[in-house]
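# Coordinate analysis (summary)
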Amino acid sequence: FPVTIRLGNLKGKTIIDLACAYGWWGSYLEPYGVYVIYVDGRKKHLDKVVERKGRTADVRLIDLEKNVEFLITPVDLVLCMGILYHITNPQKVLNHLAVITDNIVVDTTVIDNDKEYIYYMDEPEGQGFALNHKGCRYSPKYLERMLKEAGYNYILDMSAASGNSEATDSLSGHLYTWGLS
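The text that follows walks through the structure, step by step, so that each part is easy to find. (Residues numbered from 1 in each chain as written. Predicted model: local features only at pLDDT ≥ 70, side-chain atom pairs only at ≥ 80, totals over all residues. Heavy atoms only, no water.)

### A look at helix H5 (residues 90-100)
Put simply, the test is: Exposed residues in this analysis have more than 50% of their type's maximum accessible area, buried residues have under 20%, and partly exposed residues fall in between, with area computed by a 1.4 Å probe over protein chains only. Put simply, DSSP H or I for four residues or longer makes a helix, DSSP E for two residues or longer makes a strand, and each gets a number counted from the N terminus. Contact definition: two residues touch when any of their heavy atoms are within 4.5 Å.
Judged by how many residues are buried, H5 sits mostly within the fold: eight of 11 residues are covered. Buried residues along H5 sit in contact with strand S1 (14-18), helix H4 (64-67), strand S4 (77-81), strand S5 (103-108), strand S7 (134-138) and helix H6 (140-150).

Structure, rendered in structure tokens:
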């Protein structure tokens, strides 16, 4: 997880593992002294987190399409790992995240297009992806525009597709870190 190297000392930090599924990303960071808030729109996912972590796990059932404003706890970092393309209004989510955190990590699939481009789509039911069976796909430039519009102005593209020699992924997706300062 390359972010741990770039974030420095994580001890005592609070993060949100957004759309956490079974909470693997947050669980990875807990040994570094991170307090993790696990957020997902599916109760069955959060039940698995509690099953693995115990009843003291901080889990929050939130449908990002309908209730992103329920995220009110200021945090040091939000992990946005593979969720923005599974919702229909990623800009609304990013705008709200900028209210509660200065730092965000976005792992996302992007489309191969060098212009600012987004399209909306139905996602198949039963696949376990989009909670409401709707999503979107966007170009890297469109993602960067959305993040900048939310107020984030620093970017580090940590994906192999960006030419980053430290990157280990071989997918067409991108992993970004953004900060407000």
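### Brief notes about the packing of aromatic side chains
The condition that has to hold: Stacked, edge-to-face and tilted are the three classes for Phe, Tyr and Trp ring pairs, Trp counted by its six-membered ring, which pair at centre distances within 6.5 Å; planes under 30 degrees apart are stacked, over 60 edge-to-face, the rest tilted. Both a distance and an angle decide whether a charge sits over a ring: NZ of Lys or CZ of Arg must be within 6 Å of the ring centre and within 35 degrees of the ring normal.
Enumeration according to the criterion identifies two aromatic pairs in this entry. Centre to centre, the rings of tyrosine 28 and tyrosine 32 are 6.0 Å apart; their planes meet at 50°, and the pair counts as tilted. Look at tyrosine 32 and you get partly exposed, because its relative accessible area is 39%. An angle of 45° between the planes, with centres 6.2 Å apart, marks the rings of tyrosine 117 and tyrosine 119 as tilted. Sitting above the plane of the tryptophan 24 ring, arginine 52 keeps its charged end 3.8 Å from the centroid. Looking at arginine 145, its charged tip hangs above the ring of tyrosine 142, at a distance of 4.4 Å from the centre.

### Describing helix H3 (residues 43-53)
Formally: Each direction from the helix axis to a C-beta atom contributes to the arc, which is the arc of those directions.
Residues of H3 that are buried include every one of His45, Leu46 and Val49, and no others. Buried positions in H3, seen along its axis, are confined to an arc of 95° and lie on one side of it. Residues of H3 that are exposed and angled more than 90 degrees away from the buried face: Lys43, Lys44 and Glu51. Residues of H3 that are buried in the fold lie against strand S2 (35-40) and strand S3 (58-61). Just downstream of H3 lies glycine 54, where phi reads positive at about 105°.

### So, unusual backbone geometry
For alanine 19, which is not glycine, the phi torsion reads 55° and is therefore positive. Mapped onto the elements of the fold, alanine 19 is located in the loop between S1 and helix H2 (24-29). With phi around 55°, alanine 21 is a residue other than glycine that occupies positive phi space.

### A word on the nonpolar core
It is characteristic of soluble globular proteins that their nonpolar side chains tend to be buried jointly. This is how the line gets drawn: Note on terminology: a nonpolar core comprises buried Ala, Val, Leu, Ile, Met, Phe, Trp, Tyr and Cys residues joined through side-chain atoms within 4.5 Å.
Counting 32 residues, the largest nonpolar core has Ile16, Leu18, Leu71, Leu84, Leu97, Ile104 and Tyr138 as its most contacted members. Looking at this core, the elements with two or more residues in it are S1, S2, S4, H5, S5, S7 and H6.

### Considerations on the environment of leucine 97
Along the polypeptide, leucine 97 turns up in helix H5. In this structure, the C-alpha to C-alpha distance between leucine 97 and glutamate 69, residues 28 residues apart in sequence, is 8.9 Å. In contact with leucine 97, not counting residues within four places along its chain, are Leu18, Leu71, Val78, Cys80, Ile104 and Tyr152.

### Topic: the pattern of salt bridges
For clarity, the cut-off: By definition, a salt bridge exists where a carboxyl oxygen of Asp or Glu is found within 4 Å of a side-chain nitrogen of Lys or Arg.
Under the defined criterion, the tally for this structure stands at eight salt bridges. Put simply, lysine 66 and aspartate 63 hold a salt bridge, and the shortest N to O gap is 4.0 Å. A relative accessible area of 14% places aspartate 63 in the buried class. The residue aspartate 114 makes a salt bridge to lysine 115 at a minimum N-O spacing of 4.0 Å. When its relative accessible area of 55% is taken as the criterion, aspartate 114 is described as exposed. When salt bridges with common partners are traced through the structure, they connect Glu116, Arg145 and Glu149 into a single cluster.

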